Amino acid sequence: MDYKQAVCLNGHQASIDININESVDSFCTECGAKLITNCTNCNYLIEGDWSRSGNGFVDLTHHNVFIPKYCEKCGKPYPWTQSALKAISETVNLSELDNNQKDDLKETIPDLLSDTPKSKLAVLKWKSIGKSLLPYIHDIIVEVASESIVKALYGR
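Everything numeric in this text was worked out from a predicted model, so none of it was measured. (Residues numbered from 1 in each chain as written. Predicted model: local features only at pLDDT ≥ 70, side-chain atom pairs only at ≥ 80, totals over all residues. Heavy atoms only, no water.)

Attention now moves to the overall build of the chain. Within the chain, the secondary structure is distributed over five helices and four strands. When its helices and strands are written in sequence order, the chain yields β-β-β-β-α-α-α-α-α. The C-alpha extent of the chain, read off along each of the three principal axes, is 65 × 30 × 25 Å. Contacts in the chain between residues far apart in sequence, at least 24 positions, make up 51% of those at least 6 positions apart. Carbon and sulfur atoms provide 50% of the accessible area of the chain, an area that totals close to 9600 Å². The averaged location of the 20 negative side-chain charges in the chain is 6 Å from the averaged location of its 16 positive side-chain charges. (Helix = DSSP H or I, 4+ residues; strand = E, 2+ residues; numbered from the N terminus. Contact = heavy atoms within 4.5 Å. Areas by Shrake-Rupley, 256 points an atom, 1.4 Å probe, with all protein chains shown as cover. Lys, Arg positive; Asp, Glu negative; His and termini not counted. Charge placed at Lys NZ, Arg CZ, Asp CG, Glu CD.)

Dropping the structure here:
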């Protein structure tokens, strides 16, 4: 049996084992935001835990279920990813960099959140052009970026 997960609009995981046909009408206990179980763009479910029960075998194992950044059906960012993208972009806008530098950094933001062929170039641009902004986006990057990008940017 497969389950869907409930995640709040800010990206806090509330449950990983919601029955596929069950609806959730509640709010996050961490931040009070509405919980969703489906993509807000295409309504595809946010995959949760799974079990391999059957043939007299009952799987009671709880698996580590990650919070996805993008919908696997339509490819659009989930609300928490969209918020991270926007927050980093607004941080760039508030900086004292010139407009060309700001545009250069903003173009790289999606490549900071997911490992892509352009992620190393994005890291290089942030470590050179955007170095002064890295402390301000640290918590966002740690929350949503891959471990390899966090390590490349902050050396951890």
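On inspection of all chains with the given rule, the structure shows one aromatic pair. Taking 4.8 Å as the distance between ring centres and 15 degrees as the angle between the ring planes, the aromatic pair formed by Tyr 78 and Trp 80 counts as stacked. Look at Tyr 78 and you get buried, because its relative accessible area is 2%. (Phe/Tyr/Trp six-rings, centres within 6.5 Å; stacked < 30°, edge-to-face > 60°. Buried < 20%, exposed > 50% of the residue type's maximum accessible area, 1.4 Å probe, protein only.)

The next point concerns the pairing of strand β1 (residues 2–8). Of all seven residues in β1, six are buried, a share of seventy percent or more. Hairpin connection, β1 to strand β2 (residues 13–19): the antiparallel pair is bridged by four residues, and Gly 11 has positive phi, about 95 degrees. Sheet topology places β1 next to strand β3 (residues 35–36); two bridges connect them, and they run antiparallel. When the sheet's bridge partners are listed, Cys 8 is paired in β3 with Leu 35. (Pairing = 2+ DSSP bridges.)

Before going further, it helps to examine the pattern of salt bridges. Within the structure shown, the criterion is met by three salt bridges. Measuring nitrogen to oxygen at the nearest pair gives 4.0 Å for the salt bridge that ties Asp 25 to Lys 34. Note on Asp 25: relative accessible area 68%, which makes it exposed. Its relative accessible area of 36% is what places Lys 34 among the partly exposed residues. The salt bridge partner of Asp 104 is Lys 125, with a shortest N-O separation of 3.4 Å. (Salt bridge = Lys/Arg side-chain N within 4 Å of Asp/Glu carboxyl O.)

This brings us to the side chain of Thr 37. Within the element layout of this structure, Thr 37 appears in the loop between β3 and β4 (47–50). A polar contact of 3.5 Å, which involves the side chain of Thr 37, links it to the side chain of Lys 4. At 2.7 Å, the side chain of Thr 37 forms a polar contact with the side chain of Asn 38. (Polar contact = N/O pair within 3.5 Å; in protein donor to acceptor, adjacent residues only side chain to side chain.)

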